[in-house]
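Reading the structure
For reference, the chains in residue letters:
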Amino acid sequence: MNLVAKDFKSDLKPIWCPGCGDFGVLQAIYRALATIGRPPHEIAFVSGIGCSSRIPGYTTAYGFNSVHGRALPIAQGLKLARPELLVLAAGGDGDGFSIGGGHVPHAVRRNDDLTYIVMDNQTYGLTKGQLSPTSPQGLRTVTSAYGSLELPVNPLLYVLAYGAGFVAQGTPADIAGLTEMIEAAIRHPGFAFVNVQSPCVTYGEEGQQIKAHKATMQKLADLGHDPTSRIQALDRAQSYGRELLTGIYFQDPDPPPTLGALVRARQEAMMATARPRAQILDAFVQH
């Protein structure tokens, strides 16, 4: 099916601040979905709460703007119930690595076939710029007036250490590159994670804006990075917060079966000994 980016653009107009990085992320998602070639009714987009979690409403795919931090468990349930759908989840760094942080390792280890896109802006932008889990140490915000004492979360190291089969980082300063890595993430069989350094123009730092990204970003491919090496990826990911390295950090060249594939195999194996539907309740009768 020949599709173009505008086929995935809904009539709902984004209400992000002018210049917000999420506009570029949305464009990259439109383009990646058009390249994938599956029509909107075969795609479901689940999000949490926050500025970036508005994204499902701006697409023509099925969308569910869910509860703060709960995009991943809902997306996993949806994928198990409707395995034929292409399922994406999205949210911000607070939604994914603070309020919903406990869900990430379990989504990774279950390895369901879904793509998780986090728009990492190092702040809670929707609620007026509080400290977020990826805010750098020393940052002054409305909730850290004297400077944050906490070390930031490193999303790349987290998901790599959890065992994710696909890990990438992009920026809307390079929409073409971001489009390619989102497409690659969707095509990867299993859990795929894309961290997007998406600037908040209202509460973000000057060094985190699009202009600064264009001046400082380095592509992993230009550095001779081997995306099939988890060890190299872990080493490169340690520079998160100090350098902006973009591209695919790691992609498992021999991905294991997804959770959905294992479930289907188990169902087929048990089918021969399964009770007829009319006798299912007999299993609970005491003799």
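All of the points below concern the structure found in this document. Given the structure is predicted, the values throughout are model-derived calculations rather than measurements. (Residues numbered from 1 in each chain as written. Predicted model: local features only at pLDDT ≥ 70, side-chain atom pairs only at ≥ 80, totals over all residues. Heavy atoms only, no water.)

**Quick word on the overall build of the chain**
For the record, the criterion: Only runs of H or I of at least four residues qualify as helices and only runs of E of at least two qualify as strands under DSSP, and these elements are numbered from the N terminus. Only C-alpha atoms enter the radius of gyration, while the globule expectation follows 2.2 Å times N to the 0.38, with N the number of residues. Exposure classes here rest on a 1.4 Å probe applied to the protein chains alone. A residue is buried below 20% of its type maximum, exposed above 50%, and partly exposed in between.
Of the regular secondary structure elements, the chain holds nine helices and eight strands. Relative to a compact globule of 287 residues, whose C-alpha radius of gyration would be 19 Å, the chain shows 20 Å and is just as compact. Projected onto its principal axes, the C-alpha positions of the chain cover 70 × 40 × 40 Å. Going through the 287 residues of the chain one by one, you find that 49% of them count as buried.

**Details of unusual backbone geometry**
Non-glycine residue N111 carries a positive phi angle of around 60 degrees. Positioned with a positive phi, Q122 is a non-glycine residue whose angle comes to about 60 degrees. Along the chain, Q122 falls in the loop between β4 (114-120) and α5 (155-162).

**Details of the pattern of salt bridges**
Put simply, the rule reads: Between Lys or Arg on one side and Asp or Glu on the other, a salt bridge is scored when a side-chain nitrogen of the former is within 4 Å of a carboxyl oxygen of the latter.
Considering all chains together, one arrives at four salt bridges under this definition. Residue R38 pairs with E42 through a salt bridge whose shortest N-O separation is 3.0 Å. Measuring nitrogen to oxygen at the nearest pair gives 2.9 Å for the salt bridge that ties R187 to E183. Of this pair, R187 and E183 both sit in helix α6 (residues 175-187), four residues apart, which is roughly one turn of the helix. R187 gets classed as partly exposed once you look at its relative accessible area, which sits at 48%.

**A word on the packing of aromatic side chains**
The criterion, for reference: Ring geometry is summarised as follows: Phe, Tyr and Trp rings, the Trp one being its six-membered ring, pair when their centres sit within 6.5 Å, and such pairs are stacked at plane angles under 30 degrees, edge-to-face over 60 and tilted between the two.
The full count for this structure, using the stated rule, is seven aromatic pairs. Geometrically, the ring pair formed by W16 and Y58 is edge-to-face, given 5.1 Å between the ring centres and 85 degrees between the ring planes. In this pair, W16 is assigned in the segment before α1 (22-36) and Y58 in the loop between β1 (43-47) and β2 (62-65), connecting sequence segments 42 residues apart. Each member of the pair W16 and Y58 is classed as buried. Ring centres of F97 and F193 lie 5.9 Å apart, and the angle between their planes is 80 degrees; on these two criteria the pair is classed as edge-to-face. Of this pair, F97 sits in helix α3 (residues 93-99) while F193 sits in strand β6 (residues 192-197), and the two are 96 residues apart along the sequence.

**Brief notes about the nonpolar core**
In plain terms, the rule: Take the buried Ala, Val, Leu, Ile, Met, Phe, Trp, Tyr and Cys residues and link them wherever side-chain atoms come within 4.5 Å; each set so joined is a nonpolar core. For this analysis, residues touch if any pair of their heavy atoms sits within 4.5 Å.
In terms of nonpolar packing, the biggest core is built from 34 residues, with I117, I182 and V194 touching the most fellow members. Elements that contribute at least two residues to this core include exactly α1, β1, β3 (86-92), β4, β5 (166-170), α6 and β6. If one sorts the elements of this core by residue count, α1 sits on top with nine residues. Sequence-distant contacts of V194, that is, excluding residues within four places in its chain, are made with Y116, I117, V118, F166, A168, L178, M181, I182 and A185. Listed in part, the 30 residues of the second largest apolar core include A75, L114, F191 and F193.

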